[in-house]
Amino acid sequence: MIKEFLSFVRDHYSSDENDFIPLHAPVFRGNEIKYLTDTIESTFVSSVGAYVDKFEEQMKLLTGAKYAVATVNGTSALHISLHSLGISLGDEVITQALSFVATANAIKYTGAEPLFLDVDRDSMSLSPESVTDYLKNHCDYNNGHIINRKSGRRIKAIIPMHTFGNPGRIEELKEIADDFQLPIIEDAAESLGSFVKEQHTGTFGKLGIFSFNGNKTVTCGGGGAVVTDDENFGKRLKHITTTAKVSHAWEYAHDELGFNYRMPNLNAALACAQLEQLEGFLLEKRNLAGKYIQFFENKDENFKNEIANTRSNYWLNTIEFQNRSARDQFLKETNVAKVMTRPAWNLLSNLPMYQHCISDSLENSKYLADRLVNIPSGVRWKN
Ligand SMILES: *Cc1c(COP(=O)(O)O)cnc(C)c1O
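Parameters at a glance
Residues numbered from 1 in each chain as written. Predicted model: local features only at pLDDT ≥ 70, side-chain atom pairs only at ≥ 80, totals over all residues. Heavy atoms only, no water. Buried < 20%, exposed > 50% of the residue type's maximum accessible area, 1.4 Å probe, protein only. Helix = DSSP H or I, 4+ residues; strand = E, 2+ residues; numbered from the N terminus. Pairing = 2+ DSSP bridges. Disulfide = S-S within 2.5 Å. Axes fitted to C-alpha atoms, helices over the stretch in contact; angles between N-to-C directions. Contact = heavy atoms within 4.5 Å. Polar contact = N/O pair within 3.5 Å; in protein donor to acceptor, adjacent residues only side chain to side chain.

Some words on the pairing of strand β11 (residues 224–228)
Counting buried residues in β11 gives five out of five residues, a clear majority hidden from the surface. Across the two faces of β11 the burial is the same, with Gly-224, Val-226 and Thr-228 and Ala-225 and Val-227 all buried. When strand β10 (residues 207–211) meets β11, the two strands line up antiparallel, connected through four bridges. Bridge pairing links Ile-209 to Val-226 in β11.

A word on the pairing of strand β1 (residues 67–71)
Burial of β1 is extensive: four of the five residues sit out of reach of the surface. Pairing of β1 with β11 involves five bridges; the strand directions are antiparallel. Paired with Val-69 across the strands is Val-226, a residue of β11.

Overview of the state of the cysteines
Considering all chains together, one arrives at zero disulfides under this definition. A disulfide-free cysteine, Cys-357 has its sulfur positioned 15 Å from the sulfur of Cys-139, the nearest such atom.

Side note on the sheet that holds strand β7 (residues 185–187)
Backbone-to-backbone hydrogen bonds join strands into a sheet, with any given pair of strands oriented parallel or antiparallel. One open sheet accounts for four strands, arranged β1-β11-β10-β7; its pairing is mixed. Where the open sheet ends on each side, the last strands, each with one partner, are β1 and β7. For this sheet, the mean angle separating the axes of adjacent strands, direction not counted, is 20 degrees. Across the sheet, helix α8 (residues 231–241) is in contact with β1, β10 and β11; its angle to β1 comes to roughly 20 degrees.

Regarding the environment of His-356
By secondary structure assignment, the location of His-356 is in the loop between β15 (342–343) and α12 (363–371). Every residue in contact with His-356, bar those within four places of it in the chain, is listed here: Lys-108 and Glu-113. At 2.9 Å, the side chain of His-356 and the side chain of Glu-113 are in polar contact.

As C-alpha coordinates, this is what we get:
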(Lines give C-alpha, C1' and ligand atoms only; values in the text may rest on other atoms or scores of the structure.)
Protein backbone atom coordinates (compact mmCIF):
# COMPACT_ATOMS: atom_id res chain seq x y z
CA MET A 1 0.00 0.00 0.00
CA ILE A 2 2.74 2.48 0.98
CA LYS A 3 4.48 2.56 -2.43
CA GLU A 4 1.13 2.92 -4.16
CA PHE A 5 0.22 5.72 -1.73
CA LEU A 6 3.45 7.61 -2.37
CA SER A 7 3.02 7.60 -6.12
CA PHE A 8 -0.66 8.53 -5.75
CA VAL A 9 0.26 11.61 -3.68
CA ARG A 10 3.14 12.66 -5.95
CA ASP A 11 0.87 12.26 -8.92
CA HIS A 12 -1.81 14.51 -7.40
CA TYR A 13 0.68 17.23 -6.54
CA SER A 14 2.54 16.73 -9.85
CA SER A 15 5.78 16.58 -7.95
CA ASP A 16 8.92 14.59 -8.61
CA GLU A 17 10.71 12.43 -6.08
CA ASN A 18 12.95 15.21 -4.79
CA ASP A 19 10.13 17.54 -3.79
CA PHE A 20 9.05 17.61 -0.18
CA ILE A 21 5.27 17.29 0.08
CA PRO A 22 3.96 19.08 3.18
CA LEU A 23 0.80 18.20 5.08
CA HIS A 24 -0.68 21.61 4.44
CA ALA A 25 1.15 24.65 3.06
CA PRO A 26 -0.35 28.09 2.45
CA VAL A 27 -1.00 29.16 -1.13
CA PHE A 28 -1.10 32.88 -2.01
CA ARG A 29 -2.65 33.32 -5.39
CA GLY A 30 -5.10 36.18 -4.95
CA ASN A 31 -4.95 39.80 -3.81
CA GLU A 32 -2.47 39.17 -0.98
CA ILE A 33 0.32 41.47 -2.21
CA LYS A 34 -2.07 44.17 -3.34
CA TYR A 35 -3.86 44.35 0.03
CA LEU A 36 -0.61 44.18 2.00
CA THR A 37 0.78 47.05 -0.07
CA ASP A 38 -2.40 49.02 0.66
CA THR A 39 -1.84 48.74 4.40
CA ILE A 40 1.77 49.90 4.14
CA GLU A 41 0.92 52.81 1.85
CA SER A 42 -1.90 53.86 4.17
CA THR A 43 0.44 53.47 7.22
CA PHE A 44 -2.42 51.65 8.97
CA VAL A 45 -0.55 48.44 9.69
CA SER A 46 -1.56 48.00 13.32
CA SER A 47 -4.77 47.24 15.16
CA VAL A 48 -6.88 49.99 13.58
CA GLY A 49 -7.63 49.79 9.88
CA ALA A 50 -10.08 49.12 7.12
CA TYR A 51 -9.02 45.51 6.57
CA VAL A 52 -9.78 44.49 10.15
CA ASP A 53 -13.33 45.76 9.71
CA LYS A 54 -13.59 44.17 6.26
CA PHE A 55 -12.34 40.85 7.64
CA GLU A 56 -15.01 40.91 10.34
CA GLU A 57 -17.68 41.59 7.70
CA GLN A 58 -16.40 38.70 5.57
CA MET A 59 -16.50 36.37 8.58
CA LYS A 60 -20.09 37.38 9.34
CA LEU A 61 -21.11 36.71 5.74
CA LEU A 62 -19.35 33.38 5.61
CA THR A 63 -20.60 32.01 8.93
CA GLY A 64 -23.97 33.75 9.11
CA ALA A 65 -23.14 34.99 12.62
CA LYS A 66 -24.37 38.44 13.66
CA TYR A 67 -21.05 39.49 15.20
CA ALA A 68 -17.42 38.67 14.44
CA VAL A 69 -14.42 39.94 16.39
CA ALA A 70 -10.91 39.63 14.91
CA THR A 71 -8.16 38.47 17.28
CA VAL A 72 -4.39 37.93 17.12
CA ASN A 73 -4.75 34.14 16.99
CA GLY A 74 -7.12 31.28 17.70
CA THR A 75 -5.75 30.72 21.19
CA SER A 76 -6.52 34.30 22.24
CA ALA A 77 -9.98 33.93 20.70
CA LEU A 78 -10.60 30.91 22.96
CA HIS A 79 -9.13 32.66 26.00
CA ILE A 80 -11.19 35.83 25.57
CA SER A 81 -14.33 33.74 25.01
CA LEU A 82 -13.82 31.86 28.28
CA HIS A 83 -12.98 35.12 30.09
CA SER A 84 -16.12 36.81 28.75
CA LEU A 85 -18.23 33.99 30.18
CA GLY A 86 -16.76 34.68 33.61
CA ILE A 87 -14.81 31.44 33.77
CA SER A 88 -12.04 31.77 36.33
CA LEU A 89 -9.91 30.20 39.03
CA GLY A 90 -11.34 26.96 40.39
CA ASP A 91 -13.89 26.38 37.62
CA GLU A 92 -13.92 23.39 35.29
CA VAL A 93 -14.57 23.26 31.54
CA ILE A 94 -15.49 20.11 29.62
CA THR A 95 -13.48 19.46 26.49
CA GLN A 96 -11.95 16.60 24.50
CA ALA A 97 -8.50 15.09 25.11
CA LEU A 98 -8.10 14.53 21.36
CA SER A 99 -7.31 18.12 20.39
CA PHE A 100 -4.51 20.57 19.79
CA VAL A 101 -2.95 21.82 23.04
CA ALA A 102 -4.38 25.35 22.60
CA THR A 103 -7.86 24.14 23.58
CA ALA A 104 -6.70 23.11 27.06
CA ASN A 105 -4.18 25.94 27.39
CA ALA A 106 -6.88 28.58 26.93
CA ILE A 107 -8.91 26.97 29.73
CA LYS A 108 -5.86 26.95 31.98
CA TYR A 109 -5.07 30.63 31.25
CA THR A 110 -8.32 31.56 33.04
CA GLY A 111 -7.31 29.52 36.10
CA ALA A 112 -9.91 26.86 35.33
CA GLU A 113 -9.15 23.17 34.78
CA PRO A 114 -10.05 21.11 31.72
CA LEU A 115 -12.25 18.05 32.27
CA PHE A 116 -11.44 15.61 29.47
CA LEU A 117 -14.32 13.55 28.04
CA ASP A 118 -14.34 11.03 25.23
CA VAL A 119 -14.92 11.56 21.51
CA ASP A 120 -16.95 9.53 19.01
CA ARG A 121 -14.93 7.16 16.86
CA ASP A 122 -16.47 8.25 13.58
CA SER A 123 -16.45 12.05 13.97
CA MET A 124 -13.33 12.09 16.21
CA SER A 125 -15.07 14.95 18.07
CA LEU A 126 -16.66 15.30 21.52
CA SER A 127 -19.24 12.58 22.11
CA PRO A 128 -22.75 13.64 23.23
CA GLU A 129 -23.04 10.31 25.10
CA SER A 130 -19.90 10.89 27.13
CA VAL A 131 -21.04 14.41 28.09
CA THR A 132 -24.52 13.20 29.10
CA ASP A 133 -23.06 10.33 31.07
CA TYR A 134 -20.67 12.58 32.98
CA LEU A 135 -23.22 15.28 33.77
CA LYS A 136 -25.86 12.74 34.86
CA ASN A 137 -23.76 10.27 36.80
CA HIS A 138 -20.74 12.11 38.14
CA CYS A 139 -22.07 15.53 39.19
CA ASP A 140 -24.11 17.05 41.99
CA TYR A 141 -26.59 19.89 41.55
CA ASN A 142 -26.62 22.73 43.99
CA ASN A 143 -28.45 26.09 43.55
CA GLY A 144 -28.32 25.69 39.79
CA HIS A 145 -24.60 24.94 39.96
CA ILE A 146 -23.16 21.78 38.45
CA ILE A 147 -20.50 20.38 40.76
CA ASN A 148 -18.06 17.69 39.65
CA ARG A 149 -18.32 15.17 42.51
CA LYS A 150 -14.71 14.09 42.14
CA SER A 151 -13.11 17.55 42.28
CA GLY A 152 -15.77 19.61 44.03
CA ARG A 153 -15.32 22.21 41.29
CA ARG A 154 -18.07 23.91 39.34
CA ILE A 155 -18.47 22.92 35.68
CA LYS A 156 -19.04 26.14 33.74
CA ALA A 157 -18.87 25.45 29.99
CA ILE A 158 -18.30 22.92 27.20
CA ILE A 159 -15.73 23.29 24.42
CA PRO A 160 -16.30 20.79 21.60
CA MET A 161 -13.78 20.80 18.76
CA HIS A 162 -14.43 19.82 15.12
CA THR A 163 -11.46 17.53 14.65
CA PHE A 164 -9.39 17.99 11.47
CA GLY A 165 -12.30 19.95 9.97
CA ASN A 166 -14.85 17.12 10.20
CA PRO A 167 -17.90 18.45 12.05
CA GLY A 168 -18.89 16.62 15.23
CA ARG A 169 -22.38 16.03 16.68
CA ILE A 170 -22.84 19.68 17.63
CA GLU A 171 -26.66 19.70 17.43
CA GLU A 172 -26.91 16.93 20.03
CA LEU A 173 -24.30 18.63 22.18
CA LYS A 174 -26.24 21.88 21.98
CA GLU A 175 -29.39 20.13 23.22
CA ILE A 176 -27.55 18.62 26.16
CA ALA A 177 -25.85 21.93 26.98
CA ASP A 178 -29.22 23.70 26.93
CA ASP A 179 -30.75 21.07 29.22
CA PHE A 180 -27.94 21.63 31.72
CA GLN A 181 -27.77 25.39 31.07
CA LEU A 182 -24.11 25.23 30.14
CA PRO A 183 -22.74 27.57 27.46
CA ILE A 184 -20.89 26.05 24.51
CA ILE A 185 -17.76 27.63 23.05
CA GLU A 186 -17.18 25.88 19.74
CA ASP A 187 -13.53 25.41 18.89
CA ALA A 188 -13.96 25.69 15.12
CA ALA A 189 -10.27 26.56 14.64
CA GLU A 190 -9.93 23.76 12.10
CA SER A 191 -13.36 23.89 10.50
CA LEU A 192 -13.62 27.11 8.47
CA GLY A 193 -15.92 26.16 5.59
CA SER A 194 -17.41 23.11 7.39
CA PHE A 195 -21.15 22.88 7.89
CA VAL A 196 -23.77 20.87 9.75
CA LYS A 197 -26.77 20.76 7.45
CA GLU A 198 -26.71 24.33 6.11
CA GLN A 199 -25.29 25.93 9.25
CA HIS A 200 -21.62 26.88 9.57
CA THR A 201 -19.63 25.28 12.39
CA GLY A 202 -18.82 27.76 15.14
CA THR A 203 -22.36 29.20 15.14
CA PHE A 204 -24.12 26.55 17.23
CA GLY A 205 -22.73 27.57 20.60
CA LYS A 206 -22.92 30.84 22.50
CA LEU A 207 -19.51 31.66 21.02
CA GLY A 208 -17.39 30.07 18.30
CA ILE A 209 -13.75 30.59 17.45
CA PHE A 210 -11.58 30.26 14.34
CA SER A 211 -7.84 30.21 13.67
CA PHE A 212 -5.90 31.58 10.71
CA ASN A 213 -2.55 30.11 11.63
CA GLY A 214 -0.09 29.14 8.90
CA ASN A 215 -1.25 25.53 8.59
CA LYS A 216 -5.00 26.19 8.56
CA THR A 217 -7.26 26.17 5.48
CA VAL A 218 -6.95 29.95 5.22
CA THR A 219 -4.05 31.79 6.83
CA CYS A 220 -3.04 35.34 7.63
CA GLY A 221 0.26 34.49 9.30
CA GLY A 222 -1.40 34.52 12.69
CA GLY A 223 -4.98 35.40 13.43
CA GLY A 224 -8.25 34.35 14.92
CA ALA A 225 -11.90 35.31 15.27
CA VAL A 226 -14.77 34.92 17.68
CA VAL A 227 -18.29 34.78 16.27
CA THR A 228 -21.57 35.12 18.15
CA ASP A 229 -25.22 36.05 17.63
CA ASP A 230 -25.41 37.75 21.02
CA GLU A 231 -25.15 41.53 20.77
CA ASN A 232 -23.87 41.96 24.34
CA PHE A 233 -21.06 39.48 23.76
CA GLY A 234 -20.30 40.87 20.30
CA LYS A 235 -19.81 44.38 21.68
CA ARG A 236 -18.07 43.36 24.87
CA LEU A 237 -15.60 41.07 23.07
CA LYS A 238 -14.58 43.90 20.76
CA HIS A 239 -14.14 46.14 23.81
CA ILE A 240 -12.01 43.79 25.90
CA THR A 241 -9.84 42.66 22.96
CA THR A 242 -8.89 46.32 22.48
CA THR A 243 -7.66 46.97 26.07
CA ALA A 244 -11.18 47.93 27.21
CA LYS A 245 -10.43 51.50 26.19
CA VAL A 246 -13.36 53.87 26.43
CA SER A 247 -13.68 55.84 23.22
CA HIS A 248 -12.36 59.37 23.64
CA ALA A 249 -10.41 61.73 21.38
CA TRP A 250 -7.41 62.00 23.72
CA GLU A 251 -8.08 60.52 27.18
CA TYR A 252 -6.82 57.11 28.24
CA ALA A 253 -9.67 55.53 30.15
CA HIS A 254 -10.16 51.78 30.53
CA ASP A 255 -13.23 50.55 32.32
CA GLU A 256 -12.23 46.93 33.03
CA LEU A 257 -9.35 44.48 32.63
CA GLY A 258 -8.66 44.45 28.91
CA PHE A 259 -6.44 42.51 26.54
CA ASN A 260 -4.29 43.52 23.58
CA TYR A 261 -5.77 40.80 21.39
CA ARG A 262 -6.93 42.67 18.28
CA MET A 263 -5.71 41.41 14.90
CA PRO A 264 -3.37 43.92 13.21
CA ASN A 265 -4.51 45.44 9.92
CA LEU A 266 -1.47 43.90 8.19
CA ASN A 267 -2.64 40.40 9.04
CA ALA A 268 -6.25 41.28 8.28
CA ALA A 269 -5.21 42.34 4.75
CA LEU A 270 -3.79 38.87 4.21
CA ALA A 271 -6.88 37.26 5.75
CA CYS A 272 -9.22 39.20 3.42
CA ALA A 273 -7.28 38.13 0.34
CA GLN A 274 -7.25 34.51 1.52
CA LEU A 275 -10.96 34.43 2.40
CA GLU A 276 -11.75 35.53 -1.16
CA GLN A 277 -10.17 32.25 -2.32
CA LEU A 278 -11.80 30.01 0.28
CA GLU A 279 -14.43 28.57 -2.04
CA GLY A 280 -11.79 27.50 -4.56
CA PHE A 281 -9.61 26.01 -1.82
CA LEU A 282 -12.57 24.03 -0.48
CA LEU A 283 -13.43 22.66 -3.92
CA GLU A 284 -9.89 21.49 -4.52
CA LYS A 285 -9.65 19.94 -1.05
CA ARG A 286 -12.98 18.13 -1.53
CA ASN A 287 -11.75 16.81 -4.85
CA LEU A 288 -8.59 15.43 -3.23
CA ALA A 289 -10.61 13.87 -0.40
CA GLY A 290 -12.77 12.15 -3.02
CA LYS A 291 -9.67 10.68 -4.61
CA TYR A 292 -8.39 9.48 -1.22
CA ILE A 293 -11.78 7.89 -0.47
CA GLN A 294 -11.48 5.90 -3.70
CA PHE A 295 -7.88 5.01 -3.00
CA PHE A 296 -8.63 3.60 0.46
CA GLU A 297 -11.89 1.87 -0.54
CA ASN A 298 -10.37 -1.61 -0.83
CA LYS A 299 -7.51 -1.14 1.66
CA ASP A 300 -7.09 -2.09 5.34
CA GLU A 301 -7.00 1.56 6.35
CA ASN A 302 -10.17 3.49 6.90
CA PHE A 303 -10.55 7.05 5.52
CA LYS A 304 -12.25 9.26 8.13
CA ASN A 305 -15.08 10.68 6.10
CA GLU A 306 -17.62 13.33 7.17
CA ILE A 307 -20.55 11.92 9.18
CA ALA A 308 -24.20 12.15 8.02
CA ASN A 309 -25.67 15.65 7.60
CA THR A 310 -22.29 17.34 7.71
CA ARG A 311 -19.98 18.88 5.16
CA SER A 312 -16.28 18.79 5.99
CA ASN A 313 -13.71 21.28 4.75
CA TYR A 314 -11.29 18.30 4.68
CA TRP A 315 -8.69 20.47 6.37
CA LEU A 316 -6.47 17.49 7.19
CA ASN A 317 -7.42 14.23 5.55
CA THR A 318 -7.12 11.41 8.05
CA ILE A 319 -6.83 7.65 7.85
CA GLU A 320 -7.23 5.10 10.61
CA PHE A 321 -4.89 2.09 10.76
CA GLN A 322 -5.82 -1.30 12.20
CA ASN A 323 -3.12 -1.05 14.83
CA ARG A 324 -0.29 1.11 16.06
CA SER A 325 2.54 -0.85 14.47
CA ALA A 326 1.04 -0.62 10.97
CA ARG A 327 0.63 3.09 11.60
CA ASP A 328 4.22 3.54 12.73
CA GLN A 329 5.56 1.70 9.69
CA PHE A 330 3.55 4.02 7.42
CA LEU A 331 4.73 7.15 9.27
CA LYS A 332 8.33 6.08 8.93
CA GLU A 333 8.33 5.13 5.26
CA THR A 334 6.31 8.12 4.06
CA ASN A 335 8.39 10.68 5.95
CA VAL A 336 11.63 9.10 4.74
CA ALA A 337 10.22 9.42 1.21
CA LYS A 338 9.64 13.15 1.87
CA VAL A 339 5.86 12.86 1.87
CA MET A 340 4.80 14.36 5.16
CA THR A 341 2.40 12.40 7.34
CA ARG A 342 1.74 12.84 11.05
CA PRO A 343 0.00 11.00 13.85
CA ALA A 344 -2.85 12.65 15.73
CA TRP A 345 -1.83 14.69 18.79
CA ASN A 346 -0.74 13.01 21.99
CA LEU A 347 -3.87 13.05 24.13
CA LEU A 348 -3.89 16.25 26.19
CA SER A 349 -4.57 14.16 29.30
CA ASN A 350 -1.06 12.67 28.86
CA LEU A 351 0.80 15.99 28.77
CA PRO A 352 2.71 16.90 31.95
CA MET A 353 0.65 20.01 32.67
CA TYR A 354 -2.66 18.15 32.26
CA GLN A 355 -1.89 14.70 33.68
CA HIS A 356 -3.60 15.56 36.96
CA CYS A 357 -6.87 16.54 35.25
CA ILE A 358 -9.99 14.45 35.59
CA SER A 359 -11.21 12.46 32.59
CA ASP A 360 -13.61 9.65 31.77
CA SER A 361 -12.37 6.34 30.29
CA LEU A 362 -11.29 8.13 27.05
CA GLU A 363 -11.68 4.75 25.39
CA ASN A 364 -12.28 6.05 21.88
CA SER A 365 -9.72 8.84 22.25
CA LYS A 366 -7.04 6.32 23.15
CA TYR A 367 -8.11 4.01 20.36
CA LEU A 368 -7.90 6.81 17.79
CA ALA A 369 -4.68 8.35 19.14
CA ASP A 370 -2.94 5.04 18.42
CA ARG A 371 -4.28 4.69 14.90
CA LEU A 372 -4.86 8.04 13.19
CA VAL A 373 -2.58 9.59 10.61
CA ASN A 374 -2.95 12.88 8.75
CA ILE A 375 -1.94 12.75 5.09
CA PRO A 376 -1.10 15.58 2.65
CA SER A 377 -4.17 17.77 2.25
CA GLY A 378 -3.12 21.20 1.07
CA VAL A 379 -4.06 23.01 -2.09
CA ARG A 380 -1.65 22.40 -4.99
CA TRP A 381 1.06 25.06 -5.02
CA LYS A 382 2.51 24.16 -8.43
CA ASN A 383 0.23 25.89 -10.93
C1 LIG B 1 -5.00 25.87 15.47
C2 LIG B 1 -5.86 25.54 16.63
C3 LIG B 1 -6.09 26.44 17.68
C4 LIG B 1 -5.36 27.71 17.93
O5 LIG B 1 -5.06 28.48 16.94
P6 LIG B 1 -3.79 29.47 16.91
O7 LIG B 1 -4.26 30.43 15.90
O8 LIG B 1 -2.63 28.64 16.48
O9 LIG B 1 -3.63 30.08 18.25
C10 LIG B 1 -7.02 26.10 18.66
N11 LIG B 1 -7.63 24.92 18.65
C12 LIG B 1 -7.40 24.02 17.68
C13 LIG B 1 -8.13 22.74 17.74
C14 LIG B 1 -6.49 24.28 16.65
O15 LIG B 1 -6.27 23.35 15.72
